Amino acid sequence: MPARNSGKKLSIVVPCYNEQESILVFYTKLDRFLKKKVFNRTAMEFIFINDGSEDNSLDIIREIAGTDRRVKYISFSRNFGKESAIYAGLEKSSGYYTAIMDVDLQDPIELLEEMFVLLDDDKTDCVAARRISRRGEPFFRSVLASLFYTIINKISRLKIAAGARDFRIMKRPMVDAILSLPEYNRFSKGLFSWIGFSVKWISYENVGRQKGNSKWSFRDLIFYSIDGIAAFSEVPLAFAAFMGIGMSFLAVGGIIFIVIRKILFGDPVSGWPSLAVIICFSGGLQLLCLGIIGQYLAKTYLETKKRPKYLIKEQNC
Ligand code: UDP
Ligand code: MG
């Protein structure tokens, strides 16, 4: 196996939220796997981010850190979300190579070897994983997720590969590029695509979560989708404006029609139900457009406050 990329440090960033059942299993498997020959001369660092877990995750991480000096951890003061956890991990990572992995074993550890080998090439800045199936995931969630990625690829300049995960190994310049984007509302899959660099993809079959439950409720996923769209597309705002123009033309047409009808046929007092429907429809559209503008305004408001993306309560690094 080529050894050009060995000798440089590999940091592995692992966000954890209420993962007491998974952390030790993940660490043990990872530790065993990284004894493989390809990683022989690679220095390692594991950065666990405890994202405000309410269970025993932090105790388990502390215990592991006590036995293995390569293990670093950061513990947030509350749950700030996976995006903030990834950002914090990237900020702390000191390796030339940095990997991001879920702790629930849904990102197959075995892929690390192939990813690492593929990175041993000057032209490649990142090797990322994508699922070619969503087997084992609730049907409704898969359909909505596919719909979301189709929409965001259409209405923004981003191209997010179908099934793309946060699971990837990046070289330092790419990590620095991600860290240079200071926004508060972070949608990592969009940011990874926005910064460019050359990314190689490897595909794998979806692996179901081994322990515990997904930390994303349906509501979280909806808000995450809105965040993604608001962060990378202005098309909804244009949609609001075009709807306004369209409705205005329709109204002018309606006025002309009514005036001509009055001149030709007099003024029969009929048609109030259709009038009521039209009022409801245009009222609804106005609220929809206000809502769209409101979403962008809310995001702008949060950005202007410049609040930190996370707050640390405890760390060993
Ligand atoms: N996670 C986190 N903070 C959160 C939610 C999730 O750090 O607020 C972590 C979680 O512990 C896991 C990873 O992000 O390591 C992916 O979460 P999950 O498995 O719930 O997402 P899914 O795989 O269902 O998309
Ligand atoms: Mg998962």
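Residues numbered from 1 in each chain as written. Chains lettered and ligands numbered in written order. Predicted model: local features only at pLDDT ≥ 70, side-chain atom pairs only at ≥ 80, totals over all residues. Heavy atoms only, no water.

Looking at this model, I keep getting lost on the overall build of the protein. Mind explaining?
For the protein, the helix and strand inventory stands at 10 helices and 8 strands. In terms of C-alpha radius of gyration, the protein reaches 25 Å, well past the compact-globule figure of 20 Å for 317 residues. Taking the principal axes of its C-alpha atoms as reference, the protein extends roughly 90 × 40 × 40 Å. Burial status across the protein gives 44% buried among its 317 residues. (Helix = DSSP H or I, 4+ residues; strand = E, 2+ residues; numbered from the N terminus. Rg over C-alpha atoms; globule rule 2.2 N^0.38 Å. Buried < 20%, exposed > 50% of the residue type's maximum accessible area, 1.4 Å probe, protein only.)

Teacher, can you tell me more about the site of ligand 1 here?
Taken together, the neighbourhood of ligand 1 is formed by 17 residues, with Glu-19, Asp-51, Asp-104, Ser-214 and Lys-215 sitting nearest. The separation between an oxygen atom of ligand 1 and a polar main-chain atom of Tyr-17 is 2.9 Å. In the model, a nitrogen atom of ligand 1 is placed 3.5 Å from a nitrogen or oxygen of the Lys-82 main chain. Coverage of ligand 1 by the protein amounts to 92% of the 530 Å² it exposes when considered alone. (Near = heavy atom within 4 Å. Polar contact = N/O pair within 3.5 Å; in protein donor to acceptor, adjacent residues only side chain to side chain. Areas by Shrake-Rupley, 256 points an atom, 1.4 Å probe, with all protein chains shown as cover.)

Which parts of the structure should I look at to understand the confidence of the model for the protein?
Low-pLDDT portions of the prediction should not be read for the details of their coordinates. Within the protein, residue pLDDT values average 89, and 97% of them lie at 70 or more. Confidence scores differ between elements of the protein, with helix 9 (residues 235–265) showing the lowest mean pLDDT of 83 and strand 3 (residues 71–76) the highest of 98. (pLDDT = per-residue confidence, 0-100.)

Can you walk me through helix 6 (residues 172–179) in this structure?
The α-helix winds at 3.6 residues per turn, so residues separated by three or four positions along the chain end up facing the same way. With 6 of 8 residues buried, helix 6 is to be regarded as a mostly interior element. Against the buried residues of helix 6 lie helix 3 (82–92), strand 4 (97–100), strand 5 (126–131), strand 6 (164–171), helix 7 (188–194) and strand 7 (199–204). (Contact = heavy atoms within 4.5 Å.)

Teacher, can you tell me more about the pattern of salt bridges here?
Think of it this way: side chains of opposite charge can pair up when their charged atoms draw near. Enumeration according to the criterion identifies 19 salt bridges in this entry. One salt bridge connects Lys-299 with Asp-227, and the closest N-O pair in it is separated by 2.5 Å. Residue Lys-299 is located in helix 10 (residues 272–305), and its partner Asp-227 is located in helix 8 (residues 218–232); the two are separated by 72 residues in the primary sequence. Owing to a relative accessible area of 17%, Lys-299 belongs among the buried residues under this scheme. Note on Asp-227: relative accessible area 19%, which makes it buried. Look at the salt bridges and you will find they share partners, linking Lys-82, Asp-102, Asp-107, Arg-165 and Asp-166 into a network. (Salt bridge = Lys/Arg side-chain N within 4 Å of Asp/Glu carboxyl O.)

Help me understand the packing of aromatic side chains in this model?
Given two aromatic rings, their pairing is described by the distance between the two centres and the angle made by the two planes. As enumerated under the stated definition, the model contains 14 aromatic pairs in all. Measuring from centroid to centroid gives 5.0 Å for Phe-39 and Phe-116, while their planes differ by 35°, and the two rings are tilted. Highlighted residues: Phe-39 in the loop between helix 1 (23–33) and strand 2 (44–50) and Phe-116 in helix 4 (residues 111–118), separated in sequence by 77 residues. Assigned by exposure class, Phe-39 and Phe-116 land together as buried. Ring-pair connections join several aromatic residues into one group, and the members of that group are Phe-148, Tyr-149, Phe-187, Trp-216, Tyr-224 and Phe-232. The positively charged end of Lys-8 is found above the aromatic ring belonging to Tyr-96, 4.5 Å away from the centroid. Here the basic side chain of Arg-78 rests over the ring of Phe-80, its NZ or CZ set 3.9 Å away from the ring centre. (Phe/Tyr/Trp six-rings, centres within 6.5 Å; stacked < 30°, edge-to-face > 60°. Lys NZ or Arg CZ within 6 Å of the ring centre and 35° of its normal.)

Please clarify how unusual backbone geometry should be interpreted in this entry.
What you tend to see is this: most non-glycine residues have negative phi, and most peptide bonds are trans. One non-glycine residue, Asn-18, lies in positive phi territory at about 50°. Topologically, Asn-18 is positioned in the loop between strand 1 (10–16) and helix 1. For Phe-197, which is not a glycine, the phi torsion comes out positive at approximately 65°. Note that Phe-197 resides in the loop between helix 7 and strand 7.

Help me out: how do you make sense of the nonpolar core in this one?
Ile-12, Phe-48 and Leu-112 are the most contacted members of the largest nonpolar core, which has 39 residues in total. With 36 residues, the next largest nonpolar core counts Ile-100, Met-170, Phe-192 and Tyr-224 among its residues. (Core = buried A, V, L, I, M, F, W, Y, C linked by side-chain atoms within 4.5 Å.)

Teacher, can you tell me more about the environment of Val-103 here?
The residue Val-103 is located in the loop between strand 4 and helix 4 in this model. Counting along the chain gives 90 residues from Val-103 to Val-13, while the straight-line C-alpha distance between them is 9.6 Å.

What am I meant to see in the pairing of strand 2 here?
Every other side chain in a regular strand lies on the same face of the sheet, so the side chains alternate between the two faces. When you tally the buried positions in strand 2, you get 7 out of 7 residues, the bulk of the element. Taking every second residue as pointing to the same face, both faces of strand 2 are buried, with Met-44, Phe-46, Phe-48 and Asn-50 on one and Glu-45, Ile-47 and Ile-49 on the other. Where strand 1 meets strand 2, 7 bridges bridge the pair, whose relative direction is parallel. Within strand 2, the position partnered with Pro-15 by the bridge is Ile-49. With helix 1 bridging strand 1 and the parallel strand 2, this β-α-β connection has right-handed handedness. Across 5 bridges, strand 2 lies against strand 3 in parallel orientation. Within strand 3, the residue paired with Ile-47 across the bridge is Lys-72. (Pairing = 2+ DSSP bridges. Right-handed = clockwise from strand over helix to strand, strands pointing away.)

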